Amino acid sequence: MHSLSPAVEALLIDVANTVVMPRYQLLEAHQIAEKTPGDLVTIADQESELRLGEGLAALIPGARMIGEEGCAADPSLLDGLQHGTAWVIDPIDGTGNFAAGRPHFALMIALVAAGEAQAGWIYDPLRLRMVHAVRGGGAWIDGTRVKARPSGAALPVAAISMKFMDAEKRSVMIERTAGHLTLAEPPMCAGEQYPRLALGDNDISVFERTLPWDHIAGALFLTESGGKIARMDGSPYHFWDKRTGLLGASSPDLWEAAARILAP
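Residues numbered from 1 in each chain as written. Predicted model: local features only at pLDDT ≥ 70, side-chain atom pairs only at ≥ 80, totals over all residues. Heavy atoms only, no water.

> Which parts of the structure should I look at to understand the nonpolar core?
Among soluble globular proteins, nonpolar side chains are generally buried collectively. Core analysis: the largest hydrophobic core is formed by 34 residues, its most contacted members being L81, V88, V112, Y194, I216 and F221. Put simply, the parts of the chain that give this core at least two residues each are β4 (85-93), β5 (106-113), β6 (116-124), β7 (129-134), β8 (138-141), α6 (190-198) and α7 (212-224). The biggest single contributor to this core is α7, with seven residues. Beyond its immediate chain neighbours, meaning those up to four positions away, V112 contacts L81, G84, T85, A86, V88, A117, Q118, I216 and F239. (Core = buried A, V, L, I, M, F, W, Y, C linked by side-chain atoms within 4.5 Å. Buried < 20%, exposed > 50% of the residue type's maximum accessible area, 1.4 Å probe, protein only. Helix = DSSP H or I, 4+ residues; strand = E, 2+ residues; numbered from the N terminus. Contact = heavy atoms within 4.5 Å.)

> What's the story with unusual backbone geometry in this structure? I'm lost.
Across residues other than glycine, the phi torsion is negative in most instances, and most of the peptide bonds are trans. In this structure, the amide linkage connecting P103 to the following residue, H104, adopts the cis form with an omega of 5 degrees. Residue placement: H104 occurs in the loop between α4 (95-100) and β5. Positive phi, normally seen in glycine, also occurs at D142, with a value near 50 degrees. Positionally, D142 belongs in the loop between β8 and β9 (144-145). If you check the backbone angles, M188 has positive phi at about 60 degrees while not being a glycine. With respect to the helices, strands and loops of the structure, M188 is situated in the loop between β11 (182-184) and α6.

> Hey, could you run me through the sheet that holds strand β14 (residues 246-249) in this one?
The pairing of strands in a sheet happens through backbone hydrogen bonds and is either parallel or antiparallel. Read across the sheet, five strands follow the order β11-β10-β12-β14-β13 without closing on themselves; strand pairing throughout is mixed. Since the sheet does not close on itself, it has two edges, and those belong to β11 and β13 (228-230), each with one partner. Averaged over all pairs of adjacent strands, the angle between their axes in this sheet comes to 20 degrees, without regard to strand direction. The pairing of β13 with β14 spans three bridges and is antiparallel. Considered in β14, the bridge of K228 is made with A249. Its contacts with the sheet place α7 against β12 (204-207), β13 and β14, and it is angled at close to 135 degrees to β13. (Pairing = 2+ DSSP bridges. Axes fitted to C-alpha atoms, helices over the stretch in contact; angles between N-to-C directions.)

> What am I meant to see in the pairing of β4 here?
In regular strands, side chains alternate between the two faces of the sheet. Where burial is concerned, most of β4 is hidden: eight out of the nine residues are buried. Bridge analysis of strand β3 (residues 64-67) against β4 gives four bridges, and the strand direction is parallel. Across the sheet, residue I66 finds its bridge partner in β4, namely V88. The pairing of β4 with β5 spans seven bridges and is classified as antiparallel. Looking at β5, one finds that W87 is bridged to L111.

> I tried to follow the pattern of salt bridges on my own but got confused; where do I start?
Opposite charge on two side chains lets them pair, provided their charged atoms get close. A full pass over the atoms with the stated rule returns 14 salt bridges. For K35, the salt bridge identified is with E68, shortest N-O distance 3.1 Å. Taken together, the residues K35 in strand β1 (residues 32-36) and E68 in helix α3 (residues 68-73) connect sequence positions 33 residues apart. Judged by its relative accessible area of 26%, K35 is partly exposed. (Salt bridge = Lys/Arg side-chain N within 4 Å of Asp/Glu carboxyl O.)

> Please explain the packing of aromatic side chains as it appears in this structure.
The relation between two aromatic rings is expressed through the spacing of the ring centres and the mutual angle of the planes. In this structure the tally under the stated criterion is five aromatic pairs. Between F98 and F105 the ring centres are 5.0 Å apart and the planes differ by 75 degrees, which places this aromatic pair in the edge-to-face class. With a centroid separation of 5.7 Å and an interplanar angle of 20 degrees, the aromatic rings of Y194 and F207 are classed as stacked. Of this pair, Y194 sits in helix α6 while F207 is found in strand β12, placing the two residues 13 residues apart along the sequence. Both residues of the pair, Y194 and F207, belong to the buried class. Among the aromatic residues, those joined into a ring-pair cluster are Y24, F98 and F105. The ring centre of F164 lies 4.1 Å from the NZ or CZ of R209, which sits over that ring. (Phe/Tyr/Trp six-rings, centres within 6.5 Å; stacked < 30°, edge-to-face > 60°. Lys NZ or Arg CZ within 6 Å of the ring centre and 35° of its normal.)

> Is there a simple way to think about the sheet that holds β4 in this case?
With mixed pairing, the seven strands of this open sheet are ordered in space as β3-β4-β5-β6-β7-β8-β9. A single partner strand is all that each edge strand has here, and the edge strands are β3 and β9. On top of the sheet, helix α1 (residues 5-20) reaches β4, β5, β6 and β7; it is set at about 40 degrees to β6, its chief contact. Running at roughly 150 degrees to β4, helix α2 (residues 43-57) makes contact with β3, β4 and β5 of the sheet.

Written as structure tokens, this is what we have:
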């Protein structure tokens with residue numbers, strides 16, 4: 001496991017316990033806002049990002065802080081993310097769920113250096129589940145190393161997030177899955193979706209929007225557990241580019257099968 005993991009995990013748990021969960025199902029209307037249509041932010045997101053950033057700053061002096069809410073205010077913070085060392089923070093992934101007072105949501109942190117994900121953490125404060133991955137060092141859930149496994153369903157189970165697709169793309173995607181895949185309701189939380197691929201709940205995932213804080217930690221976890229993630233055309237997922245569309249699967253074979261169905 002990554003040498004910084006105990007400190008990062010303690011920080012995630014502390015912020016979840018003192019900032020996020022005290023607001024769960026207790027948010028008032030004025031504590032929820034729209035950044036863009038359908039994309040929410042709450043006071044808990046803002047406070048969580050501040051606290052996580054303060055804690056991480058002490059671990060690697062000089063590392064950049066790239067937080068979802070900071071980038072919403074200043075998108076230029078993402079410039080040059082492929083260079084140097086940075087912490088990438090999603091203070092609450094699944095804010096729409098959190099704001100509605102329902103599962104699923106998570107706190108996520110990734111450590112990147114020279115354009116590569118080095119480590120990632122996903123903490124689910126409802127399950128008290130800590131997901132962790134290290135580049136070249138494996139994938140872990142609550143300290144136990146995990147290997148991705150398929151669901152075993154007759155037709156592979158696919159969670160396809162269509163929220164940010166246009167109507168035509170949604171229609172094409174649904175048409176392509178018919179008779180080939182079993183559609184599962186996506187959890188609207190990447191921090192929940194990536195563990196589902198490793199744990200055999202889902203075989204395939206599709207995301208349209210691929211912002212770095214939503215996917216770096218989960219993509220590393222999936223890869224280190226033996227799964228595969230790539231752009232729909234098979235090219236690598238580079239968290240610092242601005243492309244859309246991301247296909248994940250619990251094994252390389254399932255990824256290839258899904259790509260033949262969904263991106264012919």
